[in-house]
Amino acid sequence: NRQILLARRPLGAVRLEDFQLVTGDTPAPAEGQVLVRHRWLSLDPYMRGRMDDVPSYALPQPLGEVMLGATVAEVVESRHPRWASGDTVLGMGGWQEWSVVAGDAPGLRQVDATRVPASTYLGALGMPGVTAWWGLTRLVAAQPGQAVTVSAASGAVGSVVGVLAKARGLRVVGIAGGPEKCGYVTGELGFDACIDHRAHPDARSLAAALAQGCPGGIAGHFENVGGRVLDAVLSCIQPHGRIALCGMIAGYDGRPVPLAQPQLILSKRLRVEGFVISEHPEAWSEALPELHALVARGKLRPRETVAHGIEAAPEAFLGLLQGRNFGKQLVQLD
Ligand code: NDP
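None of these values were measured; they are calculated from a predicted model. (Residues numbered from 1 in each chain as written. Predicted model: local features only at pLDDT ≥ 70, side-chain atom pairs only at ≥ 80, totals over all residues.)

A. Representation of the UniProt feature "domain: Enoyl reductase (ER)" (unreviewed entry) in the protein within the structure. When the UniProt feature table is mapped onto this chain numbering, "domain: Enoyl reductase (ER)" (unreviewed entry) sits at residues 14-331. The span residues 14-331 is 28% helical and 24% strand by assignment, and the distance between its end C-alpha atoms comes to 18 Å. (UniProt positions renumbered as here; feature names shortened; annotations may be inferred. Helix = DSSP H or I, 4+ residues; strand = E, 2+ residues; numbered from the N terminus.)

B. Structural detail: the site of the ligand. Taken together, 29 residues lie near the ligand, and Gly155, Ala156, Gly177, Gly247 and Gly323 sit nearest. Taken together, the elements giving at least two residues each to the shell around the ligand come down to helix 2 (127-140), helix 3 (156-167) and helix 9 (313-321). Top contributing element to the shell around the ligand by residue count: helix 3, with three residues. Here the residues of the shell around the ligand sort into 16 nonpolar, 10 polar and three charged. Each of domain 1 (2-121 + 302-332) and domain 2 (127-278) contributes no fewer than three residues to the shell around the ligand. (Near = placed C-beta within 6 Å. Nonpolar A, V, L, I, M, F, W, Y, C, P; charged D, E, K, R; others polar. Domains from an automatic or database assignment.)

C. Main features of the packing of helix 2 against helix 8 (residues 283-296). Look at helix 2 against helix 8: their axes get within 9 Å of each other, and the N-to-C directions meet at 100°. Taken together, the axes of helix 2 and helix 8 are roughly perpendicular relative to one another. Along the contact surface, helix 2 presents Gly129, Val130, Trp133 and Trp134, while helix 8 presents Ala283, Trp284, Ala287, Glu290 and Leu291. Residues of the contact of helix 2 with helix 8, tallied by class, amount to seven nonpolar, one polar and one charged. (Axes fitted to C-alpha atoms, helices over the stretch in contact; angles between N-to-C directions. Parallel < 35°, antiparallel > 145°, perpendicular 65-115°, else oblique. Contact = placed C-beta atoms within 7 Å.)

D. View of the packing of helix 2 against helix 3. One can describe the packing of helix 2 onto helix 3 by two numbers: an axis separation of 8 Å at closest approach and a directional angle of 50°. Between helix 2 and helix 3, the interaxial angle falls into the category oblique. Our pair here, helix 2 against helix 3, has a crossing hand that is right-handed. Contacts from Pro128, Gly129, Thr131, Ala132, Trp133, Gly135 and Leu136 of helix 2 reach helix 3 at Ala156, Val157, Val160, Val161, Leu164 and Ala165. (Left-handed = near helix turned anticlockwise from the far one by under 90°.)

E. Quick peek at helix 5 (residues 203-213). For helix 5, every residue scored as buried is listed here: Ala203, Leu206, Ala207, Leu210 and Gly213. Taken down its axis, helix 5 places every buried residue within 120° of arc, on the same side. Here the buried face of helix 5 lies against strand 8 (147-151), strand 9 (171-176), strand 10 (193-196), strand 11 (218-223) and helix 6 (228-236). (Buried ≥ 20, exposed ≤ 12 C-beta atoms within 10 Å, placed from the backbone. Arc of directions from axis to C-beta.)

F. Structural view of helix 2. The first and last C-alpha atoms of helix 2 sit 18 Å apart over 14 residues, in line with the 20 Å expected at 1.5 Å per residue. Of all 14 residues in helix 2, 11 are buried, a share of seventy percent or more. Packing partners of the buried residues in helix 2 comprise strand 8, helix 3, strand 11, strand 12 (237-245), helix 8 and strand 15 (328-332). (Expected span 1.5 Å × (residues − 1).)

G. Here's a closer look at the pairing of strand 11. With six of its six residues buried, strand 11 lies for the most part within the structure. One ladder, built from three bridges, connects strand 8 with strand 11; its direction is parallel. In the strand pairing of strand 11, Val150 is matched with Phe222. Examined bridge by bridge, strand 11 and strand 12 share five bridges and lie parallel to one another. (Pairing = 2+ DSSP bridges.)

Here's what the structure looks like:
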């Protein structure tokens, strides 16, 4: 059972040396437990925050332990009546190839991998999709005909925000890094426009491009990045605009992400609300039927970047924090 441990806490940007690959025995399930073999591991930006030992909404990742993470796995041996070998389960197996888990663990859910690829349950039909649904419908809460903007628009969360926004009759303009990602955002996902943030090195020019993409004004924004992107949005969003503050990935690796003009929140009477999806477990049952329907109708065609083998997880994680991923970042463990 090959595992990736947190070897040390990063100083600024994460480095490969912050992780350690070790090989342990394949665990054996006790009564009431199941042994699962991980097929897919999800890599998510929140993992960077847990690598630091600072007060946050989630406890820090303990040093010397297997990195935490969501997995889709196959039950290989069950000593719990709820599960049979061959079942496909979504759980928090971590950065390793096998795990044993209590059969009644609250986070362990059966998934149907016969109609959609199993990996989708870690992206559009999993935590990122539900995050997109909650932030857009509950916090941005724009009305049909209004325009909204979304940063990291080609990513796991941002892509779903855009598709949900179109399904609600909104105009939606994405922000993404590079022409290829922008082409996917407008072509495959159906956003009305997408602004390449790399082509706009300062907030003023990015704001002008966003305003041009939303000639009737920007009513709401779904923020995944922070820094220059948020500065641009604050300067061009309309008064009483609503911002769902989902993530600030530009600052996760220790770079400061100050706001250039925080007074705009006051002068425009904006509503800026941060949220953490783990505090809204009720969102899943509301969001999933709509997300499943969009996937079934081919409206939501999530893109994935797949690394192979558990040993590839640290490098892929560094790539996620540097924008090298294109869509949901996964590790395939077969
Ligand atoms: P993505 O699939 O969107 O991947 C991250 C993307 O962020 C990169 O591809 C890149 O896109 C962009 N990015 C990375 N670094 C930077 C940087 N320094 N400056 C600007 N852009 C950068 O990840 P997710 O969809 O999984 O997550 C998106 C956001 O949502 C994250 O901030 C995450 O923390 C947050 N989140 C919050 C949750 C909550 O409960 N609040 C739950 C889940 C996610 P590009 O090349 O286009 O710039």
